Amino acid sequence: MLIADAIQKSPIRHLGTNPTTILEPGRFGAIVAEPGMGKTSLLVQIGLYALLNEKPVLHISLNDPVHKVSLWYKELYRHFVRTNDIETAADIWESIQSHRFIMTFQVEGFSVPKLRERLTDLTEQGIFAPRVLMIDGLRFDEGVSETISAIGELCDSMGLSAWFTASATPQARAIVAADPFDVVLGLQMEDKTVRISVERGGREAPADLSFDPDTMLIR
């Protein structure tokens, strides 16, 4: 099975506003859910889908160390290829993982100027040039709208799209509603199953997607 076939097997293609990139350049997406529902799992699977579509991914974690984020990608990819019987899985993995870069910050130490500085270091030295940002762990509380606006300016200047995770607090939902998120995905527990819904955006009617409880893989 080639990468193109793997892409067709991915249920992620049902989400977002673009069949290959999920989000257009300069656009924002958010995954909103209660803690422990699978926001990071969904974020990583969107990242894997972008990688399969040859879109370099910069994964920014404000919660977990690099090795833990890397394990998320490795394990979800392993479950994906096993579920879909992908024979050339090792070759595909070698191809896509070189297009992923993981960057970590302490929550209190994160700022857009610091992100821009580190990102500029990577791009100017030809080390890494992302097309998609995955930002996991940003606190959607007072003052975050200014941060989101600054990230928007960064994305506009570099032609990036960005995904965020947000806890489903009333304050976070109000911020997501007011700020320029083109696609909003929600996770809800129904009959002991975590279901994925498209709350805003999306290129087609919401698909009936949920997490496999054993692997956290979308099915």
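Read on for a plain summary of the structure. (Residues numbered from 1 in each chain as written. Predicted model: local features only at pLDDT ≥ 70, side-chain atom pairs only at ≥ 80, totals over all residues. Heavy atoms only, no water.)

1. Side note on the overall build of the chain
And step 1. What the chain contains, in helices and strands, is seven helices and eight strands.
And step 2. Relative to a compact globule of 219 residues, whose C-alpha radius of gyration would be 17 Å, the chain shows 16 Å and is just as compact.
And step 3. Oriented by its inertia axes, the alpha-carbon framework of the chain measures out at about 45 × 45 × 30 Å.
And step 4. Buried residues in the chain amount to 50% of all 219 residues.
And step 5. Accessible area for the chain stands at about 10300 Å²; split by element, carbon and sulfur atoms hold 49% of it.
And step 6. For the chain, the separation between the mean place of its 21 positive charges and that of its 29 negative charges on side chains is 3 Å. (Helix = DSSP H or I, 4+ residues; strand = E, 2+ residues; numbered from the N terminus. Rg over C-alpha atoms; globule rule 2.2 N^0.38 Å. Buried < 20%, exposed > 50% of the residue type's maximum accessible area, 1.4 Å probe, protein only. Areas by Shrake-Rupley, 256 points an atom, 1.4 Å probe, with all protein chains shown as cover. Lys, Arg positive; Asp, Glu negative; His and termini not counted. Charge placed at Lys NZ, Arg CZ, Asp CG, Glu CD.)

2. Remarks on helix H3 (residues 66-83)
And step 1. Taking 1.5 Å as the rise per residue, H3 with 18 residues should run 26 Å; its terminal C-alpha atoms sit 26 Å apart, in good agreement.
And step 2. The set of residues buried in H3 consists of Val69, Tyr73, Leu76, Tyr77, His79, Phe80 and Val81. (Expected span 1.5 Å × (residues − 1).)

3. Brief notes about the pairing of strand E5 (residues 161-167)
And step 1. Counting buried residues along E5, six of its seven residues qualify, which places the element largely inside the surrounding structure.
And step 2. When strand E1 (residues 28-33) meets E5, the two strands line up parallel, connected through six bridges. Bridged to alanine 33 within E5 is serine 167.
And step 3. For strand E4 (residues 132-136) and E5, the ladder comprises four bridges, and the chain directions are parallel. Its bridge partner being in E5, methionine 134 is matched across the sheet by tryptophan 163.
And step 4. What joins E4 to E5 is helix H6 (residues 144-158), and the crossover it makes is right-handed. (Pairing = 2+ DSSP bridges. Right-handed = clockwise from strand over helix to strand, strands pointing away.)

4. Here we look at the packing of helix H2 (residues 39-52) against H3
And step 1. Two elements in contact, H2 and H3, have axes separated by 10 Å at closest approach and are oriented at 70 degrees. As far as their axial angle goes, H3 and H2 are roughly perpendicular. Counting all contacts with H2, which are made through Thr40, Ser41, Val44, Gln45, Gly47, Leu48, Leu51 and Leu52, the residues of H3 involved are Trp72, Tyr73, Leu76, Tyr77 and Phe80.
And step 2. Residues of the contact of H2 with H3, tallied by class, amount to nine nonpolar, four polar and no charged. (Axes fitted to C-alpha atoms, helices over the stretch in contact; angles between N-to-C directions. Parallel < 35°, antiparallel > 145°, perpendicular 65-115°, else oblique. Contact = heavy atoms within 4.5 Å. Nonpolar A, V, L, I, M, F, W, Y, C, P; charged D, E, K, R; others polar.)

5. With respect to the nonpolar core
And step 1. Counting residues in each nonpolar core, the largest one holds 44 residues, and the members touching the most others are Leu42, Leu48, Tyr73, Trp163, Leu185 and Leu187.
And step 2. Elements supplying a minimum of two residues to this core: helix H1 (3-9), E1, H2, H3, helix H4 (89-97), E4, strand E6 (183-190) and strand E7 (193-200).
And step 3. Here this core gets nine residues from one element, more than from any other, and that element is H2.
And step 4. When near neighbours in sequence (up to four residues on either side) are disregarded, leucine 42 contacts Ile12, Leu15, Ile31, Leu185, Leu187, Ile196, Phe211 and Ile218.
And step 5. Listed in part, the 34 residues of the second largest apolar core include Phe28, Leu119, Ile135 and Val176. (Core = buried A, V, L, I, M, F, W, Y, C linked by side-chain atoms within 4.5 Å.)

6. So, the pattern of salt bridges
And step 1. Summed over the entire model, instances satisfying the criterion amount to seven salt bridges.
And step 2. Between arginine 195 and glutamate 190 there is a salt bridge; the shortest N-O distance is 3.4 Å.
And step 3. Among the residues examined, arginine 195 registers a relative accessible area of 26% and is labelled partly exposed.
And step 4. In this structure, a network of salt bridges that share partners links the residues Glu190, Arg195 and Asp208. (Salt bridge = Lys/Arg side-chain N within 4 Å of Asp/Glu carboxyl O.)

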